[in-house]
Amino acid sequence: MNEMYLLNVEGVKKKILHGGRGELPEFKDGSKLTFHFQTLKDDFERMVIDDSRQAGIPMEIIVGKLFKIEVWETLLTSMRIGEVAEFWCDAIHTGMYALVSKGMRRIAEGKDPLEGQKHRCGMGNMFDYHSTGYADLDELQRVPQPLIFIMELFKVDDPSSYKRDTWAMNKEEKLSAVPVLHSEGNRLVLLKRYQEAAAKYQEAVICLRNVQAKEKPWAEDWLSLEKLIMPLVLNYCQCQLELGEYYEVLEHTTDLLQKDNGNHPGENVKAYFKRAKAHAAIWNEKEAREDFLRVAQLDPSLGAAVKKELRLLGERMREKHVEERQRYQGFLPNPVTAEPPMKAGSDHITSPNVQEPRLPTSSS
C-alpha cells in the first residue's frame, strides 16, 4: 500500500506500509499506546535519526496527556493494532523533536534524561539555543525541518487495565488513589516492610501535591489538602526513622512545622516528637531536648513518654562522652613533670611547668 493520503491535520501525510488487524481501537483519554518508531530526514538519503528498536526500548504515550510532540498522538490514533505506517510531518509539528529525542537517547544510555535541564520560557527558547549534546539534534533544534516517522503500533491499553503513573491521572483519580495508598502503606508497616511502605506514602503525597499545585496557596481548598498531606508525611517520616534516614526526617518534619504554624496541634506534636527522635539519633542533644520538651508542653499526657526519652537521651550522651574520652586518651601526651631550676652557670635550660592538657568536650 503506497497510497499517500492526508489526515485531518495540516502538514501531515500518511502512507500505510503494512495493514493492521481488526477495527480501529477506541482511544480513550488515559489509554496507553505502545509502539516502535523510526525518525528519518526528509531528504534523498532519508537518513535515520532515531530508531527505538535499535535502542531496545519501545515508546509509550498516554492519550490526552499532551505529549511534547503533540502530533504523535494524532498519528498513532489513526492506526490499527499491528499497523505499520509512514508519516510525513511538516516543520510546524517537529520543532520539539530534538528535545524529546535527547531525553529518549539519554534513557537508552542509562542516564538521567533531566540532568542539567533548566526551565526556559518559550521566548527564551526562540532566541537562545543550548547544545543537546548531540550534533544532529543541535541542527534540528536550530533549524526545525520536516521529518518522516515510521511507526508500528502494537498495543493499546485501556485506562483501567494498567497501573498508571501519578502524572497520568486526573484530579479525581489522584484523590481516589490516596486512601488506597495510605491503607497499603499502613499494612506494609505492620509487616515491617518500611521501604515499601514509605514508597506508598510518598506516592500518596505526590498525588495530593499535584492537586494542591492547582489551588490558590493558603486558600480553603489548599489548606484542606495540606491537612490530608500532613499524616502521610508523618507516616513517611516514621518509616525513615526505622530505616535510619534521620536527616530526611529532620527536613520533612521541619517543613511541616514551618508551614503549619500551629494550626494542627495534634499533628505538630507528632512532628516535634519524630524530629526529636531524629536529632537524638545524630547526637544533636540540645535540639532533641528542646523538641521533646515542646512535645510535653503541647500534650501533657505524653509527659511520661517524654521523660523516658530524655532519660534515654542522657544515657546515650554519657556513653558517647565516655567512648570519646577513651578514644582520645591514647592520643594525648603524658603530662610533663616540672624539674627544679638548675644552678646558675649550668648549661641546661630550665623546663617550664607544663599543665596536663584538657580533654576536648563533645559539642551538643
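Residues numbered from 1 in each chain as written. Predicted model: local features only at pLDDT ≥ 70, side-chain atom pairs only at ≥ 80, totals over all residues. Heavy atoms only, no water.

Looking at an unreviewed UniProt entry, one finds the protein chain named Aryl-hydrocarbon-interacting protein-like 1, with Gopherus evgoodei as its source organism.

A. Quick peek at unusual backbone geometry. Notably, Lys192 is not glycine yet its phi reads approximately 60°, a positive angle. With respect to the element layout, Lys192 can be found in the loop between helix 6 (171-190) and helix 7 (194-212). For Lys192, a relative accessible area of 61% corresponds to the exposed category. (Helix = DSSP H or I, 4+ residues; strand = E, 2+ residues; numbered from the N terminus. Buried < 20%, exposed > 50% of the residue type's maximum accessible area, 1.4 Å probe, protein only.)

B. View of the packing of aromatic side chains. Going through the model one piece at a time under the given rule, you end up with eight aromatic pairs. Centroid distance Phe35 to Trp72: 5.8 Å. Interplanar angle 85°. Geometry classified as edge-to-face. A residue pair is termed long-range when its members are at least 10 positions apart, and Phe35 in strand 3 (residues 32-41) and Trp72 in helix 2 (residues 71-76) qualify at 37 residues. Like Trp72, Phe35 is buried. Here the aromatic rings of Phe37 and Trp72 are separated by 5.0 Å at their centres, their planes lie at 55°, and the arrangement is tilted. Of this pair, Phe37 sits in strand 3 while Trp72 sits in helix 2, and the two are 35 residues apart along the sequence. Trp72 gets classed as buried once you look at its relative accessible area, which sits at 0%. Put simply, the rings of Phe35, Phe37, Trp72, Tyr97 and Phe149 touch in pairs and so form one group of aromatic residues. (Phe/Tyr/Trp six-rings, centres within 6.5 Å; stacked < 30°, edge-to-face > 60°.)

C. Broad picture of the nonpolar core. Residues Val178, Tyr201, Leu208, Leu232, Val233, Cys239 and Phe292 are the most contacted members of the largest nonpolar core, which totals 42 residues. Looking at this core, the elements that each hand over two or more residues are helix 6, helix 7, helix 8 (220-243), helix 9 (246-260), helix 10 (265-281), helix 11 (285-298) and helix 12 (303-329). Examining the composition of this core, we find that 10 residues originate from one element, helix 8, more than from any other. In this view, Leu208 contacts Leu175, Val178, Leu225, Leu228, Ile229 and Leu232; residues no more than four positions away in its chain are not counted. By size, the runner-up hydrophobic cluster in this structure holds 31 residues, among which are Val12, Trp72, Met104 and Leu147. (Core = buried A, V, L, I, M, F, W, Y, C linked by side-chain atoms within 4.5 Å. Contact = heavy atoms within 4.5 Å.)

D. Up close: helix 9. With 15 residues, helix 9 should cover 21 Å at 1.5 Å per step; its first-to-last C-alpha distance of 21 Å lies within 8% of that length. Among the residues of helix 9, Val249, Leu250, Thr253, Leu256, Leu257 and Asp260 are the ones counted as buried. All buried residues of helix 9 lie within an arc of 140° about the axis, which places them on one face of the element. Exposed and facing more than 90 degrees away from the buried side of helix 9 are Tyr247, Glu251 and Gln258. (Expected span 1.5 Å × (residues − 1). Arc of directions from axis to C-beta.)

E. Quick look at the pattern of salt bridges. The tally for this structure, following the rule as stated, stands at 18 salt bridges. The salt bridge partner of Asp50 is Arg105, with a shortest N-O separation of 2.8 Å. Linking Asp50 in strand 4 (residues 48-51) with Arg105 in helix 3 (residues 97-108), this pair joins segments that are 55 residues apart in sequence. Assessed through its relative accessible area of 9%, Asp50 is described here as buried. (Salt bridge = Lys/Arg side-chain N within 4 Å of Asp/Glu carboxyl O.)

F. Inspection of the layout of surface pockets at higher detail. By volume, the second largest pocket is sized at about 230 Å³. In terms of lining, the second largest pocket is formed by Gln238, Leu241, Glu242, Tyr246, Lys277, Ala280, Ala281, Phe292, Glu309, Leu312, Leu313 and Arg316. The greatest single-element share of the lining of the second largest pocket, amounting to four residues, is contributed by helix 12. When the residues that make up the lining of the second largest pocket are grouped by side-chain class, the tally is seven nonpolar, one polar and four charged. (1 Å grid on protein atoms, 1.4 Å probe; cavity = no way out; pocket = protein on both sides within 12 Å on 5 of 7 lines; lining within 4 Å. Points joined across faces, edges and corners; volume = space filled by probe spheres on them. Nonpolar A, V, L, I, M, F, W, Y, C, P; charged D, E, K, R; others polar.)

G. Structural context of the packing of helix 8 against helix 9. Contact geometry of helix 8 with helix 9 gives a least axis separation of 9 Å together with a crossing angle of 160°. For the element pair helix 8 / helix 9, the angle class is roughly antiparallel. At the point where helix 8 passes helix 9, the crossing takes the left-handed sense. Where helix 8 abuts helix 9, its residues Glu226, Met230, Val233, Leu234, Tyr236, Cys237, Gln240 and Leu241 lie against Tyr246, Glu248, Val249, His252, Thr253, Leu256, Lys259 and Asp260. A per-class count over the contact of helix 8 with helix 9 returns nine nonpolar, three polar and four charged. (Axes fitted to C-alpha atoms, helices over the stretch in contact; angles between N-to-C directions. Parallel < 35°, antiparallel > 145°, perpendicular 65-115°, else oblique. Left-handed = near helix turned anticlockwise from the far one by under 90°.)

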